[in-house]
Amino acid sequence: MSNLSSSLLAVNPLDAGSLLGAFGALGIAVVLFAETGLLVGFFLPGDSLLFTAGLLCTTGAHSGPHLDLAQVLAASAVGALAGAQVGYLLGRRGGRALLTRSRNKRLHEGAARAEEILHRYGHAKAVVLARFVPVVRTVLNPLAGALGVSARTFTLWQVIGGLVWTFGLVLAGYALGSSVPNVDHYLLPIVAVVVVVSLLPLVLELLRSRRQVGTR
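Residues numbered from 1 in each chain as written. Predicted model: local features only at pLDDT ≥ 70, side-chain atom pairs only at ≥ 80, totals over all residues. Heavy atoms only, no water.

## Observations regarding the nonpolar core
Here is the rule we go by: Throughout this description, the term nonpolar core refers to a set of buried Ala, Val, Leu, Ile, Met, Phe, Trp, Tyr and Cys residues connected via side-chain atoms within 4.5 Å. Note on exposure labels: buried denotes an accessible area under 20% of the residue type's maximum, exposed denotes more than 50%, and partly exposed covers the range between, all computed with a 1.4 Å probe on protein chains only. Labels follow the DSSP assignment, with helices taken as runs of H or I lasting at least four residues and strands as runs of E lasting at least two, numbered in each case from the N terminus.
Of all hydrophobic cores here, the largest spans 23 residues; its most connected members are L20, I28, L50, L67 and V72. Secondary structure elements with two or more residues in this core: α2 (16-37), α3 (46-55), α4 (69-94) and α9 (151-179). It is α2 that contributes the most residues to this core, seven residues altogether. F42, A84, A130 and F154 belong to the second-largest nonpolar core, a separate cluster that totals 21 residues.

In structure tokens form, the structure reads like this:
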């Protein structure tokens, strides 16, 4: 029991490699469920976790734990799809009270961006696009429920967006790990690039909003 407790305490929830080494495919499902379904999970590393998991599914291309590709894809889909649906249902029941209880500035900024995306692109496109923007993919699901987006529309497009997001990043990592020998030597800079790219939409949206405010 003491060894298990020590192992859990040693896990860094912000480090994809640490999470995968400790929990494997099960950890992917739990993290994605928390990131997409619970507001407290907005800080979790969904993009880098999926990419790293795909890389660790390759054989002989890394020194980390070996994961099974089918299990990783299944766990990713289950966690992301179930999380989004739970977030939506919580939003329908709790409404904006879920957000107003939080004092986290980053979470409220994400909520503002999520609402803007919903109004700007329409419900279907916004639900898909939100999957690729950190923080926004956490708050858009309950926000969609609070704003009265129909359950049928939300479910259809969150499934499509969730599968494209999870499968796309996992398979991208798997393809890179299969084609580059000793790719784990470059894992940290690769993950850094993935994180930066995933944050670009949010940064561009913030800059665009500030420019609009400045011209008024």
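## A look at the packing of α4 against α9
So the rule is basically this: To get an axis, a line is fitted to the C-alpha atoms, and for a helix only the part in contact is used. The angle between two axes follows their N-to-C directions and goes from 0 to 180 degrees. Under this scheme an angle from 65 to 115 degrees is roughly perpendicular, one under 35 degrees roughly parallel, and one over 145 degrees roughly antiparallel; angles in between are oblique. Crossings are classed by handedness, with left-handed meaning an anticlockwise turn of the near helix from the far one by less than a right angle and right-handed meaning a clockwise turn. Under the scheme applied, nonpolar residues are Ala, Val, Leu, Ile, Met, Phe, Trp, Tyr, Cys and Pro; charged residues are Asp, Glu, Lys and Arg; polar residues are all the others, including Gly.
The interhelical angle for the contact between α4 and α9, taken along N-to-C directions, is 150°, at an axis separation of 9 Å. Between α4 and α9, the angle is such that the two are roughly antiparallel. Crossing hand, α4 versus α9: right-handed. Taken together, the residues of the contact of α4 with α9 break down into 17 nonpolar, six polar and one charged.

## Describing helix α6 (residues 105-121)
Let me state the cut-off plainly: In a helix, the anticipated span is given by 1.5 Å times the number of residues less one.
Between its first and last C-alpha, α6 extends 24 Å over 17 residues, near the 24 Å set by a 1.5 Å rise per residue. Downstream of α6 by one or two residues, G122 has phi in the positive range, about 90°.

## Notes on the pattern of salt bridges
This is how it is decided: Basic side-chain nitrogens of Lys or Arg form a salt bridge, by our definition, when they fall within 4 Å of a carboxyl oxygen of Asp or Glu.
By the definition in use, this model includes two salt bridges. The shortest N-O distance in the salt bridge between R137 and E35 comes to 2.9 Å. Highlighted residues: R137 in helix α8 (residues 136-146) and E35 in helix α2, separated in sequence by 102 residues. In this pair, the class of R137 matches that of E35, namely buried. Note that D47 is salt-bridged to R137, the shortest N-O span being 2.9 Å. Taken together, the residues D47 in helix α3 and R137 in helix α8 connect sequence positions 90 residues apart. R137 carries the same exposure label as D47, and that label is buried. Salt bridges linked by common partners bring E35, D47 and R137 together as one network.

By themselves these figures say nothing about function.
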